[in-house]
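# Structural overview for review
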Amino acid sequence: MPRTALIDADILLYELGFSSQGKGDEGEIVPASWDWARDLIERKIDLIVDEAEADKALLFLTNTPRINKMLNKERKREEKPKKEYVPNFRDEVAKEKDYKGNRKSAKPFHFYNILSHFLFNYDTMIHEDGLEADDYMCITQYKSWQDGDTIICSRDKDVRQCPGWHYSWEVGGQASIGPMFVDPLGELKLIEKTNAKGKKLPPKLFGTGHKFFYAQMIMGDAVDNIGGVKGRGPVFAHALLNDLKTERELYEIVAEKYVLAWQDEWKTKMREQADLLW
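Residues numbered from 1 in each chain as written. Predicted model: local features only at pLDDT ≥ 70, side-chain atom pairs only at ≥ 80, totals over all residues. Heavy atoms only, no water.

### Here's the deal with a negative patch on the surface
This is how it is decided: Surface patches are defined over residues having more than 30% relative accessible area and no salt bridge, joining like charges when they lie within 9 Å and nonpolar side chains (Val, Leu, Ile, Met, Phe, Trp, Tyr) when within 5 Å. In this description, accessible areas are obtained by the Shrake-Rupley approach with a 1.4 Å probe, and a residue is regarded as covered only by the protein chains that are shown. Think of a salt bridge as a Lys or Arg side-chain nitrogen and an Asp or Glu carboxyl oxygen that are within 4 Å of each other. Lys and Arg are tallied as positive, Asp and Glu as negative. Neither His nor the chain termini are counted. By convention, the point assigned to a charge is CZ for Arg, NZ for Lys, CD for Glu and CG for Asp. Counting from the N terminus, the helices are the DSSP runs of H or I reaching at least four residues and the strands are the DSSP runs of E reaching at least two. Burial classification: accessible surface area is computed with a 1.4 Å probe over protein chains only, and a residue below 20% of its type maximum counts as buried, one above 50% as exposed, and the rest as partly exposed.
A cluster of acidic side chains, namely Glu-42, Asp-46, Asp-50, Glu-51, Glu-53 and Glu-170, defines a negative patch on the protein surface. Looking at where Glu-42 falls in the secondary structure, it is placed in helix 2 (residues 34-51). Glu-42 sits in the partly exposed class, given a relative accessible area of 32%.

Here it is as structure tokens:
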């Protein structure tokens, strides 16, 4: 059966950008030539499609004011009306902490060259009504996840909430994952490692499906500046949720923890975290 690789191009913008530059003797940025960077882009996308056992690529990007401006220029040439930029809906949802408020904004030298190359040389999908690329990938896959005709390709752990096929490519010291099939309920695995000196590292939780979503409701997500339940981490979330068999059980036990943490405000807090994490 033909399969389309739904590729998280948000991540590739940075990964390929930083891979296309080095540092000089005095710490200055030394970019590779654009020809070198363009060849890297094409080889990387071909590799992802091949390892995901797919036949073609569909790239997903999160809309930004800069992308919206580029798209409006294209609309003008096609004599179509302009569209106003719509920010990510989570910016308004987040009350306790600013959504992604801890992110740095530094971009690699070839960032916008790579962006333009994506937009004008590949089939790209951009949701212009306030959803991120990973939201759009999951919406696209969810329509036919049981058919197996798409595979989400990303390094982002959050998209593994979505049922269907998934693949994560190798980067740095992190191994590739998949292709693997995720069922709606999903699973949790507590990963405990030691460093080269034999010292235990903080445990991490690998998860998929509803189980991982509800685990994040407990743990929060430091990468996106989402709090979860204060003081509760991977070990607690795994012990709490691992053996549960239905989404209803997951919801009820997590709701209990929100009641304990926030008393009368639990519904408001739980809804906020769910909207940020789902």
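### What about the packing of aromatic side chains?
Applicable threshold: Working definition: rings of Phe, Tyr and Trp (its six-membered ring) pair if their centres are within 6.5 Å, and the pair is stacked with planes under 30 degrees apart, edge-to-face with planes over 60 apart, and tilted otherwise. Cation placement over rings: the criterion is NZ of Lys or CZ of Arg within 6 Å of the ring centroid and within 35° of the ring normal.
Tallied over the full model, the rule gives 10 aromatic pairs. Judged by centre distance (4.9 Å) and plane angle (70 degrees), the rings of Phe-213 and Tyr-214 are edge-to-face. Tyr-214 shares its class with Phe-213; the two are buried. Among the aromatic residues, those joined into a ring-pair cluster are Tyr-14, Phe-18, Phe-111 and Tyr-112. Here the guanidinium or amino end of Arg-3 rests over the ring plane of Trp-165, the centre of that ring lying 4.9 Å away. The ring of Phe-236 carries the charged tip of Arg-232 above its face, separated from the ring centre by 4.0 Å.

### Topic: the nonpolar core
Threshold: Here, nonpolar core means buried Ala, Val, Leu, Ile, Met, Phe, Trp, Tyr and Cys residues that are tied together by side-chain atoms lying within 4.5 Å of each other. When checking whether two residues touch, look at their non-hydrogen atoms; a contact exists if any pair is within 4.5 Å.
Membership of the largest hydrophobic core comes to 29 residues, with the highest contact counts inside it found for Ile-7, Leu-12, Ile-45, Leu-59, Leu-61, Phe-118 and Cys-153. Elements supplying a minimum of two residues to this core: strand 1 (4-8), helix 1 (9-19), helix 2, strand 4 (56-62), helix 3 (65-77), helix 5 (111-121) and strand 6 (150-153). With residues near it in sequence (within four places) discarded, Ile-7 still touches Leu-12, Ile-45, Ile-48, Val-49, Ala-57, Leu-58, Leu-59, Phe-60, Met-137 and Cys-153. With 24 residues, the next largest nonpolar core counts Leu-244, Ala-255, Tyr-258 and Leu-276 among its residues.

### A word on the packing of helix 1 against helix 2
Rule in force here: Axis geometry follows a simple rule: fit a line to the C-alpha atoms, using only the stretch in contact for helices, then measure angles between N-to-C directions, giving values from 0 to 180 degrees. Reported orientations rely on four angle classes, namely roughly parallel under 35 degrees, roughly antiparallel over 145, roughly perpendicular from 65 to 115, and oblique for the rest. By convention the crossing between two helices is left-handed if the near helix lies anticlockwise of the far one by an angle smaller than a right angle, and right-handed if it lies clockwise. All amino acids are sorted into three groups, where Ala, Val, Leu, Ile, Met, Phe, Trp, Tyr, Cys and Pro are nonpolar, Asp, Glu, Lys and Arg are charged, and the leftover types, Gly among them, are polar.
With their axes 10 Å apart at the nearest point, helix 1 and helix 2 run at an angle of 135 degrees to one another. As the angle between them shows, helix 1 and helix 2 are arranged oblique. Viewed along their axes, helix 1 and helix 2 form a crossing whose handedness is right-handed. Contacts between helix 1 and helix 2 involve Leu-12, Glu-15, Leu-16 and Ser-19 from the first element and Trp-36, Leu-40, Ile-41, Lys-44, Ile-45 and Ile-48 from the second. Per-class residue counts for the contact of helix 1 with helix 2 are 7 nonpolar, 1 polar and 2 charged.

### Notes on the sheet that holds strand 1
This is how it is decided: The pairing criterion for strands is at least two bridges between them, as found by DSSP.
The 6 strands are arranged 5-4-1-6-7-8 in an open sheet whose pairing can be described as mixed. On the outer flanks of this sheet lie strand 5 (124-127) and strand 8 (177-182), each paired with one strand and no other. The average undirected angle you get between the axes of adjacent strands in this sheet is 25 degrees. Inspection of the sheet shows strand 7 (residues 164-168) paired to strand 8 by 4 bridges, in the antiparallel sense. Within strand 8, the residue paired with Ser-168 across the bridge is Ile-177. Those strands touched by helix 1 are strand 1 and strand 4, and its axis lies near 85 degrees from that of strand 4. Across the face of the sheet, helix 5 comes into contact with strand 4 and strand 5 while running at roughly 130 degrees to strand 4.

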